[in-house]
Amino acid sequence: MTNRYFVYLSYDGTSYHGWQIQPNGKSVQETLQNALSLILRSDISVVGAGRTDTGVHARLMVAHFDTDITFDEENLAYKLNRILPADISVSRIEQVHGDMHARFSAKSRTYHYYVHTQKDPFCRNYSCELHYNLDFKKMNEAARHLLDIDDFGAFCKSHSDVKTTLCKVYEAEWICDGSYRWHFRITANRFLRNMVRAVVGTLIDVGRNRITLSEFDDIVAGRNRSAAGESMPGNALFLENVEY
């Protein structure tokens, strides 16, 4: 009998070409898949809750795999952590109902994007250093507008093969982590490719007074990626949580 298992893991994406298997680059998905196949001595295929881009991290990624092999979940997690590289960690494995799907059963996903406005050697790898003053109050005002938007085509990577750019954002807020450190928290039912980094780049344009709140709304309504802000670096982006 074939059973389905969820794998809960975290990873530092610095050395990877994102989550999804790539023809010419190392991915987290392939690394996990190879480790599972080695331990279980069977070809294992894993499906993730989403796909993070090159250099993006995950404090929590959920993946599933199917197998008819019997094993102890805690022991398998232990063995995986013994052979996986230091930048990938499995917290637990649990059997789920066969109709549960790591991607399609997820109700929401939460991302954090980290920025700092003062040079800090301990932030440089996981936060984006910005060299200008930002009006975070105005950025939060613009961020609240995202909760009333259905179509996020303005923040979707050009020429993406998505069938729809409709998303539902439940939460969007800039949060202060100290005198010069902030993070943007956004939760939605789904995310488009490059969406969070494009949203952050556009909100930063608001915070720099390069565009007004009215112009921000016009950019969103226009659904034109070239009108929105730049895509921010991936090293400061974290997949924080997946809810089922």
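Each chain has its residues counted from 1, running along the sequence as written. Given that this is a predicted model, residues contribute local features only at a pLDDT of at least 70 and side-chain atom pairs are listed and counted only at 80 or more, while totals for whole chains, interfaces and linings are drawn from all residues. In computing side-chain values, all of the structure's heavy atoms are included and hydrogens and water are not.

Enquirer: I'd like a rundown of the UniProt feature "binding site: substrate" (unreviewed entry) in the protein, residues and numbers included.
Expert: When the UniProt feature table is mapped to this numbering, "binding site: substrate" (unreviewed entry) covers Tyr 111. Take Tyr 111: it is sitting in strand β5 (residues 108-116). It only takes one pair of heavy atoms within 4.5 Å for two residues to be counted as in contact. Once residues lying within four places of it in the same chain are set aside, the contact partners of Tyr 111 are Thr 52, Phe 184, Arg 185, Ile 186, Phe 191, Val 196, Leu 237, Phe 238, Leu 239 and Glu 240. UniProt positions are given in the numbering used here, feature names are shortened, and annotations may be inferred rather than shown by experiment. Comment: elements are numbered from the N terminus, with helices defined as DSSP H or I runs of at least four residues and strands as E runs of at least two.

Enquirer: Explain the layout of surface pockets residue by residue, including any values.
Expert: Cavities and pockets are defined on a 1 Å grid built over the protein atoms alone: a cavity is a set of grid points where a 1.4 Å probe fits but cannot escape, while a pocket is an open set with protein on both sides within 12 Å along at least five of seven lines, and lining residues are those with an atom within 4 Å of any such point. Grid points are joined across faces, edges and corners, and a volume is the space filled by probe spheres set on the points. Empty space within the largest pocket amounts to approximately 820 Å³. Around the largest pocket, the lining is made up of 29 residues, and of these Ala 49, Gly 50, Arg 51, Arg 103 and Phe 191 lie nearest the centre. Only β2 (47-48), β5 and α4 (195-207) provide two or more residues apiece to the lining of the largest pocket. The element that contributes the greatest number of residues to the lining of the largest pocket is α4, accounting for three residues. Throughout, the ten residues Ala, Val, Leu, Ile, Met, Phe, Trp, Tyr, Cys and Pro are labelled nonpolar, Asp, Glu, Lys and Arg are labelled charged, and all others, Gly among them, are labelled polar. When the residues that make up the lining of the largest pocket are grouped by side-chain class, the tally is 13 nonpolar, seven polar and nine charged. Empty space within the second largest pocket amounts to approximately 230 Å³. Taken together, 13 residues line the second largest pocket, and the ones lying closest to its centre are Gln 22, Asp 53, Thr 54, Lys 157 and Arg 193.

Enquirer: Please set out the pairing of β5 residue by residue, giving values where relevant.
Expert: A simple rule labels every residue: compare its accessible area, found with a 1.4 Å probe on the protein chains alone, to the largest value its type can have, and call it buried under 20%, exposed over 50%, or partly exposed in between. Of all nine residues in β5, nine are buried; the element is thus mostly enclosed. Residues of β5 alternate between two faces, with Ser 108, Thr 110, His 112, Tyr 114 and His 116 on one and Arg 109, Tyr 111, Tyr 113 and Val 115 on the opposite face, all of them buried. Strand pairing is defined by DSSP finding a minimum of two bridges between the two strands. Strand direction decides the pairing type here: β5 and strand β8 (residues 181-188), joined by eight bridges, are antiparallel. By the bridge assignment, His 112 is partnered in β8 with Arg 185.

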